[in-house]
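Close look at the chain arrangement
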Amino acid sequence: MAHLAAASASTPPPPNPSYEEGATHSPPPPMESSRGKVVVVMGATGAGKSRLAVDLAAHFAGVEVVNADSMQVYRGLDVLTNKVPLHEQNGLSSPLLSSLCSHSLLFFPLRQIGIRLSSTMPLCVFPGVPHHLLSVIDPSVEFTCRDFRDHAVPIIQDVLDRGGLPVIVGGTNFYIQALVSPFLIDDTVQDMQQCTSSNDLDEMCLANDDDDDEGSRYERLKQIDPVAALRIHPNNHRKIKRYLELYATTGTLPSLLFQGEAAKNWGQPLHSRFDCCFLWVDADLHVLDSYVNQRVDCMMDAGLLDEVCDIYDPNAFYTQGLRQAIGVREFDEFFRLYLTRKQLDENKTASSTTISNIHDDQFKSLLIEAVSELKANTRRLVRRQRRRLHRLNKDFGWNLHHIDATEAFHCTTGDSWHKKVVEPCVDIVKRFLSGNATSTGVKASNVSASPGISSKELWVQYICEPCNNRVLRGAHEWEQHKQGRGHRKRVQKLKQRIE
């Protein structure tokens, strides 16, 4: 029912000592005794990370939030990317908010364009928590893990120097890993570029790159470096482009960067420049799915469509900057038809078509389809984030304190969230700050577990034929996929057809 993809290429190439020994990665971390203490709130989309960070500020002095969400760093799409409202970022007070907080519980997240009341997701607002790296990057530029690290480290250090408590919050686990792990591919690339005498791009790699479709780029990567192609998913267009650029500018196969010392360091929390306490806010998958669906509906009511329309460009790519956000590409067909119809109407009459006055069945059908796809893609993101967190905890030695918020989602009062989520996290952070907690960032039992995974498991792809030739990376993802309900149903139907 499944087969290995390009098994002959799945064996990693031998390490190349010519660049391993001379490479310098991220700046060396300080000694253990001088490391500043940092709280890291992790979790899947919709689990309540931002909410918990704000709540922690009510219990610890000097809390300042550092955003680690790859889309919230960009300016724009505040509704779609679910940014923390301004009154919570900067301490802006409001008589209306004070009145509401004293009589009711606010729907989370609050929106700059309106306040919604609901009993399904209560929030006790604690105003005045400074937020960093939120809406600061131009939406058209690429913001890599290295960029995040280089921006975040000085901010975190400044908060520590002022006696504050940095709380890193976000669902982009690779951003957080960039702060924790001593190895970043971008560091190695820069070192290699500085040693390269030629600035010419490899013609085979990037010639007419802007004219190529995304599928042809992956095929080109398979030709250049089949081992690296196995390491990433065919739909991971941003990383495919990154690998091609790496080969073009350095002449080195991307797969060689993940050998030797690089493979040993990849994903490890050892030697982090900060002493980290990891809080993992989680909930049952069906609960997160339900909440994600509800949140998309609320976003649509709050102006999501107008936001996306403002940045829509039919000629733009969806692989760079803010347009990568889930919820932009999904509305492409809808806006293509909308803009075409709007242009025709403007040529015929003085009045023009607007989103608010659309009553055409074709428009409605495309809109319903786009919203459905947005919900489905967000649910898939939740699954990817949770899988990644499980792997960081189990395979890479990250000591993630797992907090189950399922009951808080079901409960209609704020007490449940406080008792089930806030209080346990406050206790964990107190022990961490006092030095009474067991090892915070690293699990001693797992620190030697990941090199085998880096150098062996991740170099194999599995293709599931019953699931429309879905590509799965590594034995871990394959085993998780086989346990899924959808896979088991398809396999059963296939067996019935054969019989």
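Computed from a predicted model, the values in this text were never measured in an experiment. Along each chain, residue indices are assigned from 1 in the same order as the chain's sequence is written. Residues qualify for local features only when their pLDDT is at least 70, as the model is predicted, and side-chain atom pairs are given and counted only at 80 or more; totals for whole chains, interfaces and linings, by contrast, use all residues. In computing side-chain values, all of the structure's heavy atoms are included and hydrogens and water are not.

Observations regarding the pattern of salt bridges
We define a salt bridge as a side-chain nitrogen of Lys or Arg found within 4 Å of a carboxyl oxygen belonging to Asp or Glu. Counted by the stated rule, this structure contains 15 salt bridges. Asp275 is the partner of Arg35 in a salt bridge, and the nearest nitrogen-oxygen pair spans 3.9 Å. Placement of Arg35 in the loop between helix H1 (17–20) and strand S2 (36–43) and of Asp275 in strand S6 (residues 274–282) is noted, with a sequence separation of 240 residues between them. Each member of the pair, Arg35 as well as Asp275, carries the same accessibility label: buried. Close ionic contact of Lys83 with Asp78 constitutes a salt bridge, the shortest N to O distance being 3.0 Å. For each residue, the accessible area found with a 1.4 Å probe, counting protein chains only, is set against the maximum for its type, and the residue is called buried under 20%, exposed over 50%, and partly exposed in between. You can call Lys83 buried: its relative accessible area is 2%. Through salt bridges with shared partners, one network takes in Arg35, Lys37 and Asp275. Segments assigned H or I by DSSP are reported as helices when at least four residues long, segments assigned E as strands when at least two residues long, and all are numbered from the N terminus.

Quick look at the side chain of Arg295
With respect to the helices and strands, Arg295 occurs in helix H13 (residues 285–301). The positive count covers Lys and Arg only, the negative count covers Asp and Glu only, and His and the chain ends enter neither. It is Asp69 that comes nearest to the buried, bridge-free Arg295 among opposite-charge side chains, at 7.7 Å. When residues no more than four places from it in sequence are discounted, the contact partners of Arg295 are Thr45, Gly46 and Asn82. In what follows, residue pairs with any heavy atoms lying within 4.5 Å of each other are defined as contacts.

Examining the sheet that holds S6
As a general point, the strands of a sheet are linked pairwise by backbone hydrogen bonds and lie either parallel or antiparallel. Here, any two strands with at least 2 DSSP bridges between them count as paired. Here we have 6 strands laid out as an open sheet, ordered S4-S3-S5-S2-S6-S7, and parallel in their pairing. If you trace the sheet from one side to the other, it starts and ends with strand S4 (131–132) and strand S7 (400–404), each paired once. The pairing of strand S3 (residues 63–67) with S4 spans 2 bridges and is classified as parallel. Residue pairing in the sheet places Val65 in a bridge with His131 of S4.

Some remarks on a positive patch on the surface
Two joining distances apply to patches: 9 Å for like charges and 5 Å for nonpolar side chains (Val, Leu, Ile, Met, Phe, Trp, Tyr), and every residue must have over 30% relative accessible area and no salt bridge. Using a 1.4 Å probe, the Shrake-Rupley method yields the accessible areas, and only the shown protein chains count as cover for residues. Every charge is mapped onto a representative atom, which is NZ of Lys, CZ of Arg, CG of Asp or CD of Glu. Together, Arg380, Arg384, Arg470, Arg485, Arg488, Lys489, Arg490, Lys493 and Arg497 give the surface a local cluster of positive charge. Among the secondary structure elements, those contributing two or more residues to the positive patch are helix H16 (361–394) and helix H21 (485–498). Looking at which element gives the most residues to the positive patch, the answer is H21, with 6 residues. Tracing the sequence through the fold places Arg497 in helix H21. On the basis of relative accessible area, Arg497 is assigned to the exposed category, the value being 68%.

Quick notes on unusual backbone geometry
A positive phi angle, near 60°, is found at Asn82, a position not held by glycine. With respect to the helices, strands and loops of the structure, Asn82 is situated in the loop between S3 and helix H3 (86–90). Here Asn468, not a glycine, exhibits a phi torsion of approximately 55°, which is positive. For Asn468, the position within the fold is in the loop between strand S8 (461–464) and strand S9 (470–473). Classification of Asn468 as exposed rests on a relative accessible area of 70%.

With respect to helix H11 (residues 237–250)
A helix is expected to span 1.5 Å multiplied by its residue count minus one. Taking 1.5 Å as the rise per residue, H11 with 14 residues should run 20 Å; its terminal C-alpha atoms sit 20 Å apart, in good agreement. Within H11, burial applies to His237, Ile240, Lys241, Tyr243, Leu244, Leu246, Tyr247, Ala248 and Thr250. Positive phi appears at Gly251, one or two residues downstream of H11, with a value of about 75°.

Brief notes about the pairing of S6
In terms of burial, S6 is a largely internal element, 9 of the 9 residues being buried. Bridge count for S6 against S7 is 5 bridges, and the pairing is parallel. Note that in S7 the partner of Trp280 across the bridge is His402.

Some points on the packing of aromatic side chains
Two aromatic rings, taken as a pair, are described by how far apart their centres are and by the angle between their planes. Any pair of Phe, Tyr and Trp rings, taking the six-membered ring for Trp, is counted once the centres come within 6.5 Å. Such a pair is stacked with planes under 30 degrees apart, edge-to-face with planes over 60 apart, and tilted for the rest. One pass over the structure, following the stated rule, counts 11 aromatic pairs. Pairing Phe334 with Phe335 gives two aromatic rings, centres 5.2 Å apart and planes at 75°, and the pair type is edge-to-face. For the pair shown, Phe334 and Phe335 are each scored as buried. The rings of Tyr312, Phe331, Phe334, Phe335, Tyr338 and Phe363 are connected pair by pair, giving a single aromatic cluster. Lying over the aromatic face of Trp417, Arg51 brings its terminal NZ or CZ to 3.8 Å of the ring centre. Placement of a charge over a ring requires the Lys NZ or Arg CZ to be within 6 Å of the ring centre, with the centre-to-atom vector within 35 degrees of the ring normal. Residue placement shows Lys239 over the ring face of Phe174; its charged tip is 5.4 Å from the ring centre.

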